[in-house]
Amino acid sequence: KSLGRIHALSSILIKIANAVYTNDSSIENMINYIYRTKNCKSKQTEALPIHAYGILTVPPTYTSLINDFQAVYISANPENSSRHIWHVIFSYNRSKISKKFRNCIDVIAGSIGLVYPTCYAYHFDSNHIHCHMVISATPFLPAPEPLTGMNLANYITIKMNSSGFTFDINDEGGFLNV
């Protein structure tokens, strides 16, 4: 069993989306999309449950999540036009979600959420379960640097190596070379 390559039944394909997410509506659009709110551009709306870490408002609403992510970005980047968020998709090659997969996703989100606001939702609209995770590129703590693609991929790899799943990271955006 070699971690890092897909070959077993319990495998996860992790995709770091290649969009740059620098426009002012990227946070709102992505949060509406992953939770399938009435404001998303998808025809399917579900208002999915909120899973979030590193946010200001508890309990969160869709609006407060958007406001919290935007407040962190604005507080650190008042005039800079830089990346607002990262979008990561975890595809699980099963039709039903397992407790092990839920725990794995929650550990990753909770750990990243100690420094960077993080939220996620599960989608069941295909023949396999997948989880969309939105991670602020801006830390809510003053010391850490903005989150780079390389740091994000390294962090996910460390957490996945201890998860018991086989996995592969599809770096379609070339962020690992940055």
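Residues numbered from 1 in each chain as written. Predicted model: local features only at pLDDT ≥ 70, side-chain atom pairs only at ≥ 80, totals over all residues. Heavy atoms only, no water.

Asker: Mind laying out the packing of aromatic side chains, listing which residues take part and the relevant values?
Answerer: Enumeration according to the criterion identifies six aromatic pairs in this entry. Taken together, a centroid distance of 5.7 Å and an interplanar angle of 90° make the contact between Y92 and F165 edge-to-face. Of this pair, Y92 sits in strand β3 (residues 85-92) while F165 sits in the loop between α4 (149-161) and β6 (166-170), and the two are 73 residues apart along the sequence. Neither residue differs from the other here; Y92 and F165 are each classed as buried. For the pair F101 and F165, a centre-to-centre distance of 6.3 Å together with 85° between the ring planes defines the contact as edge-to-face. A residue pair is termed long-range when its members are at least 10 positions apart, and F101 in helix α3 (residues 99-112) and F165 in the loop between α4 and β6 qualify at 64 residues. Members of the aromatic cluster, each reached through a chain of ring pairs, are Y92, F101, Y120, Y122 and F165. One cation-aromatic arrangement involves K100 over F165; the distance from NZ or CZ to the ring centre is 4.7 Å. Sitting above the plane of the Y122 ring, R102 keeps its charged end 5.1 Å from the centroid. (Phe/Tyr/Trp six-rings, centres within 6.5 Å; stacked < 30°, edge-to-face > 60°. Helix = DSSP H or I, 4+ residues; strand = E, 2+ residues; numbered from the N terminus. Buried < 20%, exposed > 50% of the residue type's maximum accessible area, 1.4 Å probe, protein only. Lys NZ or Arg CZ within 6 Å of the ring centre and 35° of its normal.)

Asker: Just give me the short version of the sheet that holds strand β2 (residues 51-53), but keep the residues and values in it.
Answerer: Pairing is mixed in the open sheet, where six strands are placed in the order β2-β4-β5-β3-β1-β6. Either end of the sheet is taken by a strand with one partner, and the two such strands are β2 and β6. The mean inter-strand angle of the sheet, taken between neighbouring strand axes irrespective of direction, is 20°. Relative to strand β4 (residues 118-123), β2 is paired through three bridges, and the arrangement is antiparallel. For H51, the partnering residue across the bridge sits in β4 and is Y120. (Pairing = 2+ DSSP bridges. Axes fitted to C-alpha atoms, helices over the stretch in contact; angles between N-to-C directions.)

Asker: So what's going on with the nonpolar core? Which residues, and what values?
Answerer: One recurring pattern in soluble globular proteins is that nonpolar side chains are buried together. I12, I14, F90, F101, I135, I156 and M160 are the most contacted members of the largest nonpolar core, which totals 29 residues. When contributions to this core are tallied by element, the ones reaching two or more residues are β1 (11-16), β3, α3, β4, β5 (129-136), α4 and β6. With six residues, the top contributor of residues to this core is α3. A17, L65, I66 and A121 belong to the second largest nonpolar core, which has 17 residues in total. (Core = buried A, V, L, I, M, F, W, Y, C linked by side-chain atoms within 4.5 Å.)

Asker: Mind laying out the pairing of β4, listing which residues take part and the relevant values?
Answerer: In terms of burial, β4 is largely enclosed, as six of its six residues are buried. Side chains T118, Y120 and Y122 project from β4 onto one buried face, and the interleaved C119, A121 and H123 project onto a second face that is buried too. Alignment of β4 against β5, held across six bridges, turns out to be antiparallel. Across the sheet, the residue bridging to C119 is V134, located in β5. Here β4 hands over to β5 after five residues, the two strands then running antiparallel side by side.

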